[in-house]
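Summary of structural features
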Amino acid sequence: EDDLLYLRSLPTFKDRLRPSDSEALLSFLTVPYIRMPLMMAFFTTADRVNCLFSRRIRAILHAVVLEPGKLLPPHRWHDCPEMVPAASAKEAELLATPFGQL
């Protein structure tokens, strides 16, 4: 996120995004666990949904949505970690979802 602060000019994706929207979009990419909901909410407004006509912006959203996450095997779906952060490697395995990022 610090890298964003020092950029002299933000990408506007061929003037499809305002600089403030571009800053928001790029800052969403820096937060791993809430990246997908932030990106989906960003593009649900009427003025931003048309930005998805840009191939580069669509590729960014596509990469965020289809990013593989930590997968929890089916036989472990009912197990719960005892502590967060995990105290052992066995418990760390439980900090995942049955469907990766989705």
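Before reading on, note that the structure itself is shown above.
Note that the structure is a prediction, hence the values are computed from the model and not measured.

Overview of the overall build of the protein
A count of helices and strands for the protein gives five helices and zero strands. Compactness check: the protein gives a C-alpha radius of gyration of 17 Å against a globular reference of 13 Å for 102 residues, more than 25% above the reference. Expressed as a percentage of the 102 residues in the protein, the buried residues total 26%. For the protein, the exposed area adds up to about 7,600 Å²; of that, 61% sits on carbon and sulfur atoms.

A few points about unusual backbone geometry
Although it is not a glycine, Phe13 sits at a positive phi angle of roughly 55°. By the secondary structure assignment, Phe13 is in the loop between helix 1 (2-5) and helix 2 (19-28). By relative accessible area, Phe13 is classed as buried at 6%. Residues other than glycine seldom take positive phi values, yet Lys14 does so here, at roughly 60°.

Some thoughts on the side chain of Ser22
One can find Ser22 in helix 2. In this structure Ser22 comes out as buried when scored by relative accessible area, which is 0%. Not counting residues up to four positions away in its chain, the partners in contact with Ser22 are Leu10, Pro11, Phe13 and Leu17.

Brief notes about the pattern of salt bridges
One pass over the full model with this rule turns up six salt bridges. Of the charged contacts, one joins Arg18 and Asp47 as a salt bridge, the two residues approaching to 3.8 Å between their closest N and O atoms. Separated by 29 residues along the polypeptide, Arg18 in the loop between helix 1 and helix 2 and Asp47 in the loop between helix 3 (35-42) and helix 4 (55-65) bring together distant segments of the chain. On the basis of relative accessibility, which here comes to 45%, the residue Arg18 falls in the partly exposed class.

Focus on the nonpolar core
Counting residues in hydrophobic clusters, the biggest one holds 14 residues, and the most contacted among them are Leu17, Leu25, Met39, Phe42, Phe43, Ile57 and Leu61. Put simply, the parts of the chain that give this core at least two residues each are helix 2, helix 3 and helix 4. Contact partners of Phe43, with chain neighbours within four places excluded, come to Leu25, Arg48, Val49, Cys51, Leu52, Ile57 and Leu61.

Conventions adopted
- Residues numbered from 1 in each chain as written.
- Predicted model: local features only at pLDDT ≥ 70, side-chain atom pairs only at ≥ 80, totals over all residues.
- Heavy atoms only, no water.
- Helix = DSSP H or I, 4+ residues; strand = E, 2+ residues; numbered from the N terminus.
- Rg over C-alpha atoms; globule rule 2.2 N^0.38 Å.
- Buried < 20%, exposed > 50% of the residue type's maximum accessible area, 1.4 Å probe, protein only.
- Areas by Shrake-Rupley, 256 points an atom, 1.4 Å probe, with all protein chains shown as cover.
- Contact = heavy atoms within 4.5 Å.
- Salt bridge = Lys/Arg side-chain N within 4 Å of Asp/Glu carboxyl O.
- Core = buried A, V, L, I, M, F, W, Y, C linked by side-chain atoms within 4.5 Å.

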